[in-house]
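Secondary and tertiary structure notes
As a plain string of letters, each chain reads:
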Amino acid sequence: MPRDLGGTRWKRFACVLAPSMLAAAALTVSLAQGALAVSFFISGERFKVFTRTLTGEGVSLYGMVDRTRSGELIPVLVAGIERAKINGLCQSLVVPIPLLGPYTLRLTSAEDGTPARAKDLFLDITDGRAGHASLHDVDIGIAAGSLTTGPVSPGDRRSPFFDPNGFAAQSGSATLTDVRATGVAGSAATLDLPETHLSLRPGKDECF
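Presented here is a report on the structure given in the accompanying data block. Remember, predicted model here, so these are calculated numbers, not experimental data. (Residues numbered from 1 in each chain as written. Predicted model: local features only at pLDDT ≥ 70, side-chain atom pairs only at ≥ 80, totals over all residues. Heavy atoms only, no water.)

What follows is about the pairing of strand β2 (residues 73–87). Relative to β2, strand β1 (residues 47–67) runs antiparallel, the two sharing 14 bridges. By the bridge assignment for β2, Y62 is matched with V78. Turn length for the β1-β2 hairpin, with the two strands adjacent in sequence and antiparallel, is five residues, and the turn residue G71 shows positive phi of about 100 degrees. In terms of strand pairing, β2 meets strand β5 (residues 116–129) through nine bridges, oriented antiparallel. Looking at the pairing, L77 lines up with I125 of β5. (Pairing = 2+ DSSP bridges. Helix = DSSP H or I, 4+ residues; strand = E, 2+ residues; numbered from the N terminus.)

Right, dumping it as C-alpha cells:
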C-alpha cells in the first residue's frame, strides 16, 4: 500500500468505500428477493443500464415522480415488464471517493448463453434508447389507471404522484436490442442473474 494512503487516509477511504459496496450488495439481494418497492426514497444518483437484447412479455410505460429523502422530486418514466429475458446485462454507477477520485461500481451478467430473467421488473428512467425495438399488440395513449396488458407497480398506485388519467402505453410483447437507459431506481419481484460479477474499478468505466 502506498504510504500516502496509510493511517487516517486509508480509514477515510474505507469509510466511504464500505457503505458503497454494502449498498450495492444490498440492492442486488433486495432485487433478487423482491424486497424493494417503488415507494422507497431514492438516493437521486443516476446509474446506467445496458442490455444487448431484452425480450419482455407484458410491457408498460407511464409517468411518475420519485422523491429523495431530502425532498427533491425527480420526474421519471417507469418501464414495467411482467416477464423479461435479458442478455448481456451491465449496470454501472460512478462513485466519487475523496482523495482517490471517481470509481465505477459495475454489475454484469452473462454476455452469452443463459439469459438473466426477471419477473415484475420496474425501472425508473430519465433517459432511454434502443438500437431497434419490435413491439406487438400496442396501445398508445391509454390512461395509466387503465393499464391491463402491462403492469403498474402496487407502490406506484398508492403514490400521490400517480395520475390514473395520465398518458401511458402498453404492449403484449417487445424485443429490444442495444438498450441504453439512465435510471434512478429499479425493483423486481424476482431477478435471476447467471454468472454475476460485481466490481469496483478506478476511474469512469460506465456501461455506455
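On the secondary structure map, N87 appears in strand β2. Linking N87 and T55, residues 32 residues apart in sequence, is a C-alpha distance of 8.9 Å. The residues touching N87, leaving out its near neighbours within four places in the chain, are T51, R52, T53, A110, E111, G113 and P115. (Contact = heavy atoms within 4.5 Å.)

Here we come to the pairing of strand β4 (residues 101–108). Within β4, six of the eight residues are buried, which leaves the element mostly enclosed by the surrounding structure. Of the pairings in the sheet, the one linking strand β3 (residues 90–97) to β4 comprises eight bridges and is antiparallel in character. Bridge pairing in β4 links V94 to T104. Adjacent in sequence and paired antiparallel, β3 and β4 are bridged by three residues, among which L99 carries a positive phi angle near 75 degrees. Pairing of β4 with strand β9 (residues 197–202), which is carried by six bridges, proceeds in the antiparallel orientation. Bridging across to β9, T104 finds its partner in R201. (Buried < 20%, exposed > 50% of the residue type's maximum accessible area, 1.4 Å probe, protein only.)

Tallied over the full model, the rule gives one aromatic pair. On the numbers, 5.8 Å between centres and 90 degrees between planes, the contact of Y62 with F162 is edge-to-face. Remark: F162 occurs in the loop between α2 (154–157) and β7 (167–187) and Y62 occurs in strand β1; sequence separation between them is 100 residues. Residue Y62 is classed as buried on the basis of its relative accessible area, which comes to 0%. Overall, the relative accessible area of 10% leaves F162 in the buried class. (Phe/Tyr/Trp six-rings, centres within 6.5 Å; stacked < 30°, edge-to-face > 60°.)

Moving on: the pattern of salt bridges. Tallied over the entire structure, the rule returns seven salt bridges. Among the ionic pairs, K48 bridges to E206, the shortest N-O distance being 3.8 Å. Of this pair, K48 sits in strand β1 while E206 is found in the segment after β9, placing the two residues 158 residues apart along the sequence. The structure contains a network of salt bridges with shared partners spanning E57, E82 and R83. (Salt bridge = Lys/Arg side-chain N within 4 Å of Asp/Glu carboxyl O.)

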